Amino acid sequence: MNIMKGLYFPDTAPSHSRLDSLLCLLDEIEYYRIVEGEEDDGDSFPYRQGRVVLPLGEQREHFLAMIRDIKAHAADFYGGYLATLSADALVDRDESSVHQLIAGLHGVKKETDPDPRLTQKIWQARLVLRLAEMLNRERLELARDLSELKRSERALFEGLKGELDARDQDEGGVIDTGNNISGLGQEGPGCERLLKAWSVLYAMDPEQAPLLVTGSEEAAAHLFDGWEELTGSRPPLLAAIELPDVAEPEAIPACRAELAEARGAMKAAVNDILTSASADGDAVFERAARLWREKLPAQAGPRNLLELYLLEGHSFNQVWSRLSGLPPSEITGQRQRIAAVVRQIS
């Protein structure tokens with residue numbers, strides 16, 4: 001493996017700020033995109049690559065028109081429809097049902113579809129992920145607007161009074177948006193539904209990445225729970241290492257240079273595990289993680305912890321089949337997978 005690339009899940013538009021410290025270790029982060037031929041926010045950031053697994057082809061404009069229509073009628077679609085799109089069964093067959101929405105989207109009558117269930121699941125996944133991506137973007141824009149309003153209000157009060165006293169702050173004189181924006185706009189799909197939709201794309205991906213990365217502990221828990229149900233045990237932990245604090249993407253090259261020796265050892269350990277090149281993979285990982293800890297500069301305050309878990313053998317495809325609702329894919333080549341989870345620690 002010439003490049004150590006991690007495929008981010010379950011989002012199709014991962015947070016850039018979350019990835020910067022991770023990219024001090026990995027060469028590149030890849031993530032799925034739903035629509036081909038679009039400019040992507042990640043295109044202007046180094047070390048990030050979006051990829052369309054299931055191009056829409058001739059249905060591209062029809063899909064985008066339907067998304068615009070859904071956005072224009074958000075109250076009708078975001079709630080019940082989005083939930084139903086992620087369900088295992090669609091039982092409502094009237095004209096307002098999601099079944100009709102899907103049928104209208106891909107423009108193929110059920111009786112002429114060679115595999116209507118597969119077609120429906122693919123379109124369900126596209127819609128869920130696209131709408132979730134759109135909702136997340138709208139929430140971020142609202143959060144930015146509210147943060148700017150907060151700064152403006154504080155500047156106004158400071159200009160009028162010099163500084164705010166504790167009483168004013170306790171009484172809510174300044175709008176405090178914090179990080180809680182869950183009440184803004186429509187509710188999107190839960191993590192389990194988002195992972196279910198994302199897993200359909202992964203199951204259909206002919207280039208299934210062996211290294212999966214997530215910043216969602218909930219998504220990792222769903223994956224590990226499915227693994228435990230099938231195998232009777234949790235995936236083993238290969239290593240847990242702190243990630244360096246990187247304020248901006250421009251600092252990544254310098255960080256990589258500073259950690260070059262430790263980074264090379266970690267990459268070699270990952271490649272050994274994924275290719276089964278070494279019989280003592282656990283020992284190689286232990287040595288690499290020890291070197292990484294020695295070379296990592298001391299850090300204060302909240303930090304990111306990267307945990308690497310081994311997903312081994314045929315159970316991986318069976319777990320992913322459960323998540324996606326699709327038949328297990330054939331085992332081809334690599335049987336080893338690694339799930340990397342980024343957690344924040346204090």
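Residues numbered from 1 in each chain as written. Predicted model: local features only at pLDDT ≥ 70, side-chain atom pairs only at ≥ 80, totals over all residues. Heavy atoms only, no water.

### So, the overall build of the protein
Item 1. Across its full length, the protein carries 13 helices and seven strands.
Item 2. For the protein, with 346 residues in total, the buried portion stands at 47%.
Item 3. Restricting to contacts in the protein with at least 6 residues of sequence separation, those with at least 24 account for 74%.
Item 4. Here the protein has roughly 17,600 Å² of accessible surface; of this, 49% comes from carbon and sulfur atoms. (Helix = DSSP H or I, 4+ residues; strand = E, 2+ residues; numbered from the N terminus. Buried < 20%, exposed > 50% of the residue type's maximum accessible area, 1.4 Å probe, protein only. Contact = heavy atoms within 4.5 Å. Areas by Shrake-Rupley, 256 points an atom, 1.4 Å probe, with all protein chains shown as cover.)

### Quick notes on the packing of helix α8 (residues 191–204) against helix α13 (residues 315–324)
Item 1. Where α8 contacts α13, the two axes come as close as 8 Å, and the packing angle between them is 130 degrees. Overall, the two elements α8 and α13 adopt an arrangement that is oblique. The two elements α8 and α13 meet at a crossing, and its hand is left-handed. Between α8 and α13, the contacting residues are Leu-195, Lys-196, Trp-198, Ser-199, Val-200, Tyr-202 and Ala-203 on the first element and Phe-316, Trp-320, Leu-323 and Ser-324 on the second.
Item 2. Residues belonging to the contact of α8 with α13 are distributed by class as follows: eight nonpolar, two polar and one charged. (Axes fitted to C-alpha atoms, helices over the stretch in contact; angles between N-to-C directions. Parallel < 35°, antiparallel > 145°, perpendicular 65-115°, else oblique. Left-handed = near helix turned anticlockwise from the far one by under 90°. Nonpolar A, V, L, I, M, F, W, Y, C, P; charged D, E, K, R; others polar.)

### Regarding α13
Item 1. The buried fraction of α13 is high, at eight of 10 residues.
Item 2. Of the residues making up α13, those classed as buried are Ser-315, Phe-316, Asn-317, Val-319, Trp-320, Ser-321, Leu-323 and Ser-324.
Item 3. Directly beyond the C-terminal end of α13, a positive phi value near 80 degrees is found at Gly-325.

### With respect to the packing of aromatic side chains
Item 1. Taken as a whole, this structure holds seven aromatic pairs when the rule is applied.
Item 2. Through a chain of ring-to-ring contacts, three or more aromatic side chains come together here, namely Phe-9, Tyr-32, Trp-198, Tyr-202 and Trp-320.
Item 3. Over the aromatic face of Trp-123 sits the side chain of Arg-126, whose NZ or CZ is 4.7 Å from the ring centroid.
Item 4. It is Arg-256 that lies over the ring of Tyr-47; its NZ or CZ is 4.2 Å from the centre. (Phe/Tyr/Trp six-rings, centres within 6.5 Å; stacked < 30°, edge-to-face > 60°. Lys NZ or Arg CZ within 6 Å of the ring centre and 35° of its normal.)

### Side note on unusual backbone geometry
Item 1. Of note, the bond from Phe-9 into Pro-10 is cis; its omega dihedral lies within 30 degrees of zero at 0 degrees.
Item 2. Within the secondary structure, Pro-10 is located in the loop between β1 (5–8) and α1 (16–19).

### Concerning the pairing of strand β6 (residues 303–312)
Item 1. The element β6 is largely enclosed, with a buried count of nine among its 10 residues.
Item 2. Looking at chain direction, strand β5 (residues 237–243) and β6 are connected through six bridges and run antiparallel. The residue of β6 that forms the bridge with Glu-242 is Leu-305.
Item 3. With 10 bridges joining them, β6 and strand β7 (residues 336–345) adopt antiparallel strand pairing. Across the sheet, residue Glu-312 finds its bridge partner in β7, namely Gln-336. (Pairing = 2+ DSSP bridges.)

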